[in-house]
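# Structural overview for review
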Amino acid sequence: VAVCHPLLYVFHMSQKHCTFFVSAAWIIGFLDPTSYVVLISKFSFCTSNIIDHFFCDLAPLLKLSCSDTFQIEVLNYVESALVTLNSFVLTVISYIFTISAILNIKSAEGRHKAFSTCTSHLTCVIIFYSTIISLYIRPISTYAPKQDQFFALLYIVLIPLL
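A brief structural summary. Fair warning: this is a prediction, and the values are worked out from it, not measured in the lab.

Calculation rules
Residues numbered from 1 in each chain as written. Predicted model: local features only at pLDDT ≥ 70, side-chain atom pairs only at ≥ 80, totals over all residues. Heavy atoms only, no water. Helix = DSSP H or I, 4+ residues; strand = E, 2+ residues; numbered from the N terminus. Rg over C-alpha atoms; globule rule 2.2 N^0.38 Å. Buried < 20%, exposed > 50% of the residue type's maximum accessible area, 1.4 Å probe, protein only. Contact = heavy atoms within 4.5 Å. Areas by Shrake-Rupley, 256 points an atom, 1.4 Å probe, with all protein chains shown as cover. Lys, Arg positive; Asp, Glu negative; His and termini not counted. Charge placed at Lys NZ, Arg CZ, Asp CG, Glu CD. Disulfide = S-S within 2.5 Å.

This part covers the overall build of the chain. Per the secondary structure count, the chain includes seven helices and zero strands. Helices (α) and strands (β) of the chain occur, in sequence order from the N terminus, as α-α-α-α-α-α-α. Taking 2.2 N^0.38 as the reference for a compact globule, 162 residues should give roughly 15 Å; the C-alpha atoms of the chain span a radius of gyration of 20 Å, well beyond that estimate. Structurally, the chain occupies a C-alpha span of about 65 × 35 × 25 Å along its principal axes. Counting across all 162 residues of the chain, residues that qualify as buried make up 27%. At a minimum sequence separation of 6, the contacts of the chain that also span at least 24 residues come to 59%. Here the chain displays about 11000 Å² of accessible surface, and carbon together with sulfur accounts for 73% of that area. The distance from the centre of the 8 positive side-chain charges to the centre of the 8 negative ones in the chain is 13 Å.

Bringing the state of the cysteines into the picture now. Two cysteines joined by a covalent bond between their sulfur atoms form a disulfide. Under the defined criterion, the tally for this structure stands at one disulfide. With its sulfur 2.2 Å from that of its partner, C46 forms a disulfide with C66. Placement of C46 in the loop between α3 (34-41) and α4 (58-64) and of C66 in the loop between α4 and α5 (70-103) is noted, with a sequence separation of 20 residues between them. By relative accessible area, C66 is classed as partly exposed at 42%. The structure places no disulfide on C56, whose sulfur is separated from the nearest cysteine sulfur, that of C66, by 16 Å.

Okay, here's the thing in structure tokens:
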């Protein structure tokens, strides 16, 4: 809205819309991990309690469990598909609208400036989504500690740094 219709932004993004978006983000942020917590609390851990990761992530935690992890793996695929892929699709759609608005800019200098701004953001978006998808939308059996730590480092440290 800010790029495609900048003069109408105030009308489209009312206080009501902003409250809805912030509330939805908070509610999803709190409800999403609840099902994981309930399922993981029923697991038994019979090996070491040392997680081979620099934070308590799902895949290394499931590797420590001696319980059947099938339910939580299915839950992980479903929730990852719903949350991650839906936000990815919405981001791609917004970029399609943004790029079409940029292409309608008359001056070459204006298009270049707009594309250079969008390119840096798009690079961050691509790194973020590719690491998230490669970490969470795959079988737990393919867990590789060093590779997963590297990908997690990308989306935890590199993206905020950029």
